Amino acid sequence: MSEAEGAATFRASTDLYGRFIGRYAPSLSAALIQVVGIEPGSRLLDLGCGPGGLATALADVVGAENVSAVDPSEPFAKTCRERLPGADVRVAAAEELPFPDDSFDGAFAQLVVNFMSDAERGVGEMNRVVRRGGTVAACTWDYAGEMTMLRAYWDAAHEVAPDEAAQADENTMRYCSLAELTDLWGRVGLDDVDGGELRVSADYEDFDDLWAPFPGGIGPAGAFCAALDPERQEALRLAFARRLGDPSGPFELRARAWYAVGRA
């Protein structure tokens, strides 16, 4: 699955997204903000805002009137706009940001870079709209290792439908390792590039709570699930649960994301 095709799979119910990756947004947003640092009153951009998880966390620090956000999905932009009525939320692609040069003190992209159709251009646009000395930061999941939920899911998928999973596994996307992410930051001309890991978690009521969004087709993992026949969907569900220890009640899953930060 290409980055552009992967991005298209997020044009679905914002409620499904909230039950899927969105439940990691509060802890991931807090972790990214902590490592980057934000001054109160700064003008900030959330690129690929989704339903507004990071934008809301940014607004808690600088005020909604100082936050702008963009997303290519109108349903996501609408939800973000409703959550933050004081923010400037627009429908736009990362590669063509609708803002003048030097519009912001910082730009953030959370779980977005690997889904850009042209990541170098998209991060270059972040660099363009941030003033000299401002911050450009992003994070992506560690799909290959310690994003527990997705890694267990894709390992189960390889077990049930190996040929299809080999093409769809999100670990095949670019910019999902620390080295690739920081190298991208350097290539677009950002200075003082640094990177590292963010460790977060999410809580689930039970395995059904975790599984529910997958058949709905949200994200690349959901699209893969939705494309399977009912028999293999059920086999995937059972293999996924087994890899997580067959949880029967509430449980927590931990996740690691890689981040990169630089100066415009």
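Structure shown above.
An account of the accompanying structure is given in this report. (Residues numbered from 1 in each chain as written. Predicted model: local features only at pLDDT ≥ 70, side-chain atom pairs only at ≥ 80, totals over all residues. Heavy atoms only, no water.)

### Brief notes about the overall build of the chain
So, step 1. Looking only at helices and strands, the chain features twelve helices and seven strands.
So, step 2. Over its C-alpha atoms the chain spans a radius of gyration of 18 Å, differing by no more than 12% from the 18 Å that the globule rule assigns to 264 residues.
So, step 3. Overall size of the chain, expressed as C-alpha extent along the three principal axes, is 55 × 35 × 30 Å.
So, step 4. Counting over 264 residues, the chain shows a buried share of 56%. (Helix = DSSP H or I, 4+ residues; strand = E, 2+ residues; numbered from the N terminus. Rg over C-alpha atoms; globule rule 2.2 N^0.38 Å. Buried < 20%, exposed > 50% of the residue type's maximum accessible area, 1.4 Å probe, protein only.)

### Here we look at unusual backbone geometry
So, step 1. Although it is not a glycine, Asp-102 adopts a positive phi angle of roughly 60 degrees.
So, step 2. With respect to the helices, strands and loops of the structure, Asp-102 is situated in the loop between strand E3 (88–91) and strand E4 (104–110).
So, step 3. One non-glycine residue with positive phi stands out, namely Asp-246, at about 50 degrees.

### Let's talk about the pairing of strand E5 (residues 130–141)
So, step 1. Within E5, nine of the twelve residues are buried, leaving the element largely enclosed by the surrounding structure.
So, step 2. Looking at chain direction, E4 and E5 are connected through six bridges and run parallel. In the sheet register, Gly-106 faces E5, and the bridge partner there is Thr-135.
So, step 3. Running through helix H6 (residues 119–129), the crossover from E4 to the neighbouring parallel element E5 is right-handed. (Pairing = 2+ DSSP bridges. Right-handed = clockwise from strand over helix to strand, strands pointing away.)

### Quick look at the layout of surface pockets
So, step 1. Roughly 730 Å³ of volume is contained in the largest pocket.
So, step 2. Around the largest pocket, the lining comprises 46 residues; the ones closest to its centre are Gly-48, Gly-50, Asp-71, Leu-111 and Val-112.
So, step 3. The set of elements that each furnish at least two residues to the lining of the largest pocket consists of helix H1 (3–8), helix H2 (14–19), helix H3 (25–36), strand E1 (44–47), helix H4 (53–62), strand E2 (67–71) and helix H5 (74–83).
So, step 4. Looking at the lining of the largest pocket element by element, the count peaks at five residues for H4.
So, step 5. Looking at the lining of the largest pocket residue by residue, the class counts come to 28 nonpolar, eleven polar and seven charged. (1 Å grid on protein atoms, 1.4 Å probe; cavity = no way out; pocket = protein on both sides within 12 Å on 5 of 7 lines; lining within 4 Å. Points joined across faces, edges and corners; volume = space filled by probe spheres on them. Nonpolar A, V, L, I, M, F, W, Y, C, P; charged D, E, K, R; others polar.)

### Details of the packing of aromatic side chains
So, step 1. The full count for this structure, using the stated rule, is 15 aromatic pairs.
So, step 2. Judged by centre distance (6.4 Å) and plane angle (20 degrees), the rings of Phe-207 and Trp-211 are stacked. Linking Phe-207 with Trp-211, this pair stays in helix H10 (residues 207–211), spanning four residues, or about one helical turn.
So, step 3. Site record: aromatic cluster; members linked through ring pairs are Phe-20, Tyr-153, Trp-154, Phe-207, Trp-211, Phe-214, Phe-224 and Phe-240. (Phe/Tyr/Trp six-rings, centres within 6.5 Å; stacked < 30°, edge-to-face > 60°.)

### Let's talk about the sheet that holds E4
Each strand in a sheet pairs with its neighbour through backbone hydrogen bonds, running either in the same direction (parallel) or in the opposite one (antiparallel).
So, step 1. Read from one edge to the other, the open sheet built from seven strands follows the order E3-E2-E1-E4-E5-E7-E6, with strand pairing classed as mixed. Strand pairing shows two members of the sheet lacking a second neighbour, E3 and strand E6 (191–204), which therefore form its edges. When strand polarity is set aside, the average angle formed by the axes of neighbouring strands in this sheet is 20 degrees.
So, step 2. Two elements, E2 and E3, share four bridges in a ladder whose sense is parallel. Bridging across to E3, Ser-68 finds its partner in Asp-88.
So, step 3. Packed onto the sheet, H5 meets E2 and E3 and runs at close to 170 degrees relative to E3. (Axes fitted to C-alpha atoms, helices over the stretch in contact; angles between N-to-C directions. Contact = heavy atoms within 4.5 Å.)

### Considering the side chain of Asp-209
So, step 1. The residue Asp-209 is located in helix H10 in this model.
So, step 2. By relative accessible area, Asp-209 is classed as buried at 11%.
So, step 3. Only 3.1 Å separates the side chain of Asp-209 from the side chain of Arg-23, close enough to count as a polar contact.
So, step 4. Looking at Asp-209, its side chain comes within polar contact range of the main-chain nitrogen of Glu-205, at 3.0 Å.
So, step 5. The contact partners of Asp-209, leaving out residues within four places of it in the chain, are Arg-19, Arg-23, Asp-203 and Tyr-204. (Polar contact = N/O pair within 3.5 Å; in protein donor to acceptor, adjacent residues only side chain to side chain.)

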